[in-house]
Amino acid sequence: MESKPMKIVIIEDDIQDCNHFIACIKKRKDVELVALTDSDIEGLKYVKLKQPEGIVLDLELNHSITGNADSLEFLSNLRKLNLNYQPIVIVTTHVNSKRTYDILHREGADLILYKDQPNYSCDYVLNKFLTLRESTPKQTIETFKEDLKESESKISNCIYHELDLIGVTAKLKGRQYVHDTILYLIQNEGKNTNVIQHLTKIYKKSGNTITNGIQNAIIHAWRVSSIEDLTTYYTARVNYETGIPTPMEFIYYYVDKIKKQI
């Protein structure tokens, strides 16, 4: 079965090089250009949006308008995106420095190509991508789904176990809201997201209904569980006026606790 074209994002500020890449890719069926920019900052946005298999990263971006003059920080910022896969990164540069190359490899560059070498060309770069693609063990979609399912199951078991310890039992509707809120926040760490809004879409309930369900589960636990169990398994401070944690205090306590367990 023929492979799908390899999706590529190009971060390059040299107009002539950009035009060469565009012309080369138009002639090929094994590579697809999904984004081209002269900015390392914009490049990160395109990577997150387009999910390319490969990234051409020019080290010197002196003519970039919206990005940095060099792209040394791109690789460390790429890791912070927490992608569920590892794109192949080929750095292109006029710099011939072992120290710089060591830094780039340490930061995660797969290959560094010196632009001033005799056999350098856009096709040469693209061919290197395809070679690296073939030599990289591929995780099939089914394997990825299985890994994701296994990870989610592990987190769910931890959440349910912790809730059982303090008396948030399976008969409580709010228990599922609590579980789903904690799971969602762990799986979407670092993202600017409204978890209650997310649950309203899942359950077709109002935000107040979901928040009240979580609050009622907490109230139930503090009514039926012994003070010894509560102070043993819930070690965060509790508001002395109400005697119970707020829904978000409760949720984030278990987000932090379970992240340490997994």
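Just so you know, these numbers come straight off a predicted model, no measurement behind them. (Residues numbered from 1 in each chain as written. Predicted model: local features only at pLDDT ≥ 70, side-chain atom pairs only at ≥ 80, totals over all residues. Heavy atoms only, no water.)

*Asks:* Give me the lowdown on the overall build of the protein, citing residues and values where you can.
*Replies:* Across its full length, the protein holds 11 helices and five strands. The C-alpha radius of gyration of the protein comes to 25 Å, more than 25% above the 18 Å expected for a compact globule of 262 residues. By principal-axis analysis of the C-alpha atoms, the protein measures approximately 75 × 40 × 30 Å. Classification of the 262 residues of the protein by burial places 40% in the buried group. Working note: accessible area of the protein is about 15,600 Å², and carbon and sulfur atoms make up 50% of it. Separation between the mean location of the 33 positive side-chain charges and that of the 35 negative ones in the protein comes to 6 Å. (Helix = DSSP H or I, 4+ residues; strand = E, 2+ residues; numbered from the N terminus. Rg over C-alpha atoms; globule rule 2.2 N^0.38 Å. Buried < 20%, exposed > 50% of the residue type's maximum accessible area, 1.4 Å probe, protein only. Areas by Shrake-Rupley, 256 points an atom, 1.4 Å probe, with all protein chains shown as cover. Lys, Arg positive; Asp, Glu negative; His and termini not counted. Charge placed at Lys NZ, Arg CZ, Asp CG, Glu CD.)

*Asks:* Describe in detail the nonpolar core, supporting the description with residues and values.
*Replies:* Ranked by internal contacts, the top residues of the largest apolar core, which has 32 residues, are Val168, Ile182, Trp222, Phe250, Ile251, Tyr254 and Ile258. At the level of secondary structure, the elements contributing two or more residues to this core comprise α6 (141–165), α7 (173–187), α8 (195–203), α9 (207–224) and α11 (247–261). At seven residues, the largest contribution of residues to this core is made by α7. For tyrosine 254, the contacting residues outside a window of four places in its chain are Glu162, Ile166, Ile182, Tyr233 and Tyr234. (Core = buried A, V, L, I, M, F, W, Y, C linked by side-chain atoms within 4.5 Å. Contact = heavy atoms within 4.5 Å.)

*Asks:* Go over unusual backbone geometry with me, naming the residues and quoting the values.
*Replies:* When glycine is set aside, most residues are seen to have a negative phi, and most peptide bonds are trans. Unusually for a residue other than glycine, asparagine 82 sits at a positive phi of about 55 degrees. Assignment of secondary structure puts asparagine 82 in the loop between α3 (74–80) and β4 (88–93). Residue asparagine 82 is classed as exposed on the basis of its relative accessible area of 60%. In this structure, lysine 204 is a non-glycine residue whose phi angle is positive, near 60 degrees. Relative to the helices and strands, lysine 204 resides in the loop between α8 and α9. Here lysine 204 falls in the exposed class, since its relative accessible area comes to 69%.

*Asks:* Talk me through the pairing of strand β1 (residues 6–11); I want residue IDs and the actual numbers.
*Replies:* Consecutive side chains of a regular strand alternate in pointing toward one face of the sheet and then the other. Where burial is concerned, most of β1 is hidden: five out of the six residues are buried. Where β1 meets strand β2 (residues 31–37), six bridges bridge the pair, whose relative direction is parallel. Directly across from isoleucine 11, in β2, lies its bridge partner threonine 37. Crossover handedness for the path β1 to helix α1 (residues 15–26) to β2: right-handed. (Pairing = 2+ DSSP bridges. Right-handed = clockwise from strand over helix to strand, strands pointing away.)

*Asks:* Can you tell me about the side chain of arginine 175, naming the residues and giving the values?
*Replies:* By secondary structure assignment, the location of arginine 175 is in helix α7. For arginine 175, a relative accessible area of 9% puts it in the buried group. Non-local contacts of arginine 175, meaning those with residues more than four positions away in its chain, are made with Tyr160, Leu163, Asp164, Val168, Thr169, Ala170 and Ala217.

*Asks:* I'd love a proper account of the pairing of strand β5 (residues 111–114), names of residues and values included.
*Replies:* Pairing of β4 with β5 involves four bridges; the strand directions are parallel. Paired with threonine 92 across the two strands is leucine 113, which belongs to β5.

*Asks:* An account of the packing of aromatic side chains is needed here, citing residue identities and associated values.
*Replies:* The tally for this structure, following the rule as stated, stands at eight aromatic pairs. For the ring pair tyrosine 177 and tyrosine 203, a centre distance of 5.1 Å and an interplane angle of 80 degrees mean the geometry is edge-to-face. Of this pair, tyrosine 177 sits in helix α7 while tyrosine 203 sits in helix α8, and the two are 26 residues apart along the sequence. Of the residues examined, tyrosine 177 reaches a relative accessible area of 3% and is grouped as buried. Pairing tyrosine 234 with tyrosine 254 gives two aromatic rings, centres 6.0 Å apart and planes at 50 degrees, and the pair type is tilted. Here tyrosine 254 lies in helix α11 and tyrosine 234 lies in the loop between α10 (227–233) and α11, a separation of 20 residues in the sequence. Tyrosine 254 matches tyrosine 234 in its accessibility class, with the two residues each being buried. (Phe/Tyr/Trp six-rings, centres within 6.5 Å; stacked < 30°, edge-to-face > 60°.)

Keep in mind these numbers describe shape, not what the thing actually does.
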